[in-house]
Amino acid sequence: MAKMTEEQLLAAICDLEWEMFDQVNNNGGRASCQNDPVFFKKMRACQFAGWDAALLESYFMDLQEAKLHGRNPLAEKYGYMMESTFPAEYENIKDQLPPVSPEKAEMIAKIVEIQLTWEGDVDRRYPGMRAGGRPLTSDRDTPMVTSFQTYLTGALKTYSERTLVCMLECIGNHLENGTSLAQLAAEQTALAYGYPSIDALEQAALARRAR
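First, a word on scope: everything that follows refers to the structure included in this document. Along each chain, residues carry numbers from 1 onward, in the same order as the chain's sequence is written. Only residues with pLDDT of at least 70 get local features here, since the model is predicted, and only at 80 or more are side-chain atom pairs given and counted; chain-wide, interface and lining totals rely on the full set of residues. The side-chain numbers reported here are obtained from all heavy atoms of the structure, hydrogens and water having been left aside.

**Digging into the overall build of the protein chain**
And then number 1: Only DSSP runs of H or I covering at least 4 residues are called helices, and only runs of E covering at least 2 are called strands; the numbering of each starts at the N terminus. When helices and strands are counted, the protein chain shows 11 helices and 0 strands.
And then number 2: The helix and strand sequence of the protein chain, counted from the amino end, reads α-α-α-α-α-α-α-α-α-α-α.
And then number 3: When the 211 residues of the protein chain are sorted by exposure, 42% land in the buried category.
And then number 4: Residues are treated as being in contact if the distance between any of their heavy atoms lies within 4.5 Å. A fraction of 70% describes how many contacts in the protein chain between residues 6 or more apart in sequence connect residues 24 or more apart.
And then number 5: Each accessible area is a Shrake-Rupley result for a 1.4 Å probe, and residues are judged covered by the shown protein chains and nothing else. As displayed, the protein chain offers around 11800 Å² of accessible surface, 53% of which is attributable to carbon and sulfur atoms. We call a residue buried when its accessible area falls under 20% of the maximum for its residue type, exposed when it is over 50%, and partly exposed in between, using a 1.4 Å probe and counting protein chains only.

**Some details on the nonpolar core**
And then number 1: Among the nonpolar cores identified, the biggest contains 43 residues, and I13, W51, L156 and M167 are the most heavily contacted of them.
And then number 2: For this core, the secondary structure elements donating two or more residues are α1 (6–21), α3 (53–68), α6 (102–125), α8 (148–156), α9 (161–177), α10 (181–192) and α11 (198–210).
And then number 3: Looking at which element gives the most residues to this core, the answer is α1, with 8 residues.
And then number 4: Non-local contacts of I13, meaning those with residues more than four positions away in its chain, are made with F48, L56, Y59, F60 and L63. What makes a nonpolar core is a set of buried Ala, Val, Leu, Ile, Met, Phe, Trp, Tyr and Cys residues whose side-chain atoms join them at distances within 4.5 Å.

**What about the environment of K157?**
And then number 1: Position of K157 relative to the elements: it lies in the loop between α8 and α9.
And then number 2: The class for K157 is buried, based on a relative accessible area of 17%.
And then number 3: Sequence separation between K157 and L97 is 60 residues; the distance between their C-alpha atoms is 9.8 Å.
And then number 4: Every residue in contact with K157, bar those within four places of it in the chain, is listed here: Y80, E83, V100, K104 and I108.

**Digging into the pattern of salt bridges**
And then number 1: Each salt bridge in this description consists of a side-chain nitrogen of Lys or Arg and a carboxyl oxygen of Asp or Glu lying within 4 Å of one another. Enumeration according to the criterion identifies 13 salt bridges in this entry.
And then number 2: A salt bridge links E83 to K157; the shortest N-O distance between them is 3.4 Å. Of this pair, E83 sits in helix α4 (residues 73–85) while K157 sits in the loop between α8 and α9, placing them 74 residues apart in sequence.
And then number 3: Put simply, E91 and K94 hold a salt bridge, and the shortest N to O gap is 2.9 Å.

**Things to note about the packing of α1 against α4**
And then number 1: Axes, fitted as lines to C-alpha atoms, cover a helix only where it is in contact. Angles between the N-to-C directions of the axes lie from 0 to 180 degrees. Across the interface, α1 lies against α4 with an axial gap of 7 Å and an inter-helix angle of 60°. Residues E17, M20 and F21 of α1 lie in contact with α4, whose contacting residues are P73, L74 and Y78.

**Some details on α11**
An α-helical turn contains 3.6 residues, so any two residues separated by three or four positions project in the same direction.
And then number 1: With 13 residues, α11 should reach 18 Å at 1.5 Å per residue; the first-to-last C-alpha distance of 18 Å fits that figure.
And then number 2: The set of residues buried in α11 consists of I198, L201, E202 and A205. For α11, the angular spread of the buried residues around the axis is 100°, confining them to a single face. Along α11, the residues that are exposed and aim more than 90 degrees away from the buried face are Q203 and A210.
And then number 3: On its buried face, α11 is in contact with α6, α7 (127–130) and α10. Helices are assigned an expected span. That span is 1.5 Å times one less than the residue count. This arc is built from the directions going out from the helix axis to the C-beta atoms.

**Observations regarding the side chain of Q115**
And then number 1: For Q115, the location among the structural elements is in helix α6.
And then number 2: If sequence neighbours within four positions are ignored, Q115 has contacts with F148, L152, L181 and A182.

**Quick word on the state of the cysteines**
And then number 1: Any cysteine sulfur atom paired with another within 2.5 Å is treated as part of a disulfide. Tallying each qualifying case throughout the model produces 0 disulfides.
And then number 2: The structure places no disulfide on C14, whose sulfur is separated from the nearest cysteine sulfur, that of C46, by 9.0 Å.
And then number 3: Overall, the relative accessible area of 3% leaves C14 in the buried class.
And then number 4: The exposure class of C46 is buried, given its relative accessible area of 2%.

**Comments concerning α8**
And then number 1: The buried fraction of α8 amounts to 8 of the 9 residues, a majority that puts the element mostly inside the structure.
And then number 2: Of the residues making up α8, those classed as buried are F148, T150, Y151, L152, T153, G154, A155 and L156.
And then number 3: Looking at the buried residues of α8, the elements they touch are α4, α6 and α9.

**Examining the side chain of T158**
And then number 1: Its place among the elements puts T158 in the loop between α8 and α9.
And then number 2: Those residues in contact with T158, other than ones at most four positions away along the chain, are R71, P73, E76, K77, Y80 and K104.

Any link to function would need more than the numbers given here.
The structure is reproduced here in structure tokens:
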């Protein structure tokens, strides 16, 4: 089989993620976003902006391996998040989730620390765009609101150690180049919403708030 291009790989990842997300059971019933695969895939693709080929390939392998073994990483992600948002309920399900090794936990902590800095910078630079979005840190979690930190941590816990190593290498390259995964994802999100730039989206958002 010919090696996939990054564009094909990204599409394959989003397709497989949608297949898994479509199977997630929510306590309050099916979420509205579970009925819109086009929007889901478009928004997920934005979150992979800045990922290099090695990271994309490793994450795709994670999804394929999980499917082969009957696991659903997207459902597991929400389970891990419950440790902060629904701690009592989490105690009842935590033994059903794959354990997180000390090595994984250490890598996750490093990634989250850098990503929080990047995400906070985007929040400050684009307050209009980010108004009404997720709070940044886990101390803001409630049963109804999940912070970026908790969401990211939950997702990273579903990644293999191989993928976490690739992510740290990718992040290191961005740090050297003065670029940011959070900024790149935000820029791609603006384009996905039909704006020519993130600054155009920010101006439109501020104008709506001023009305």
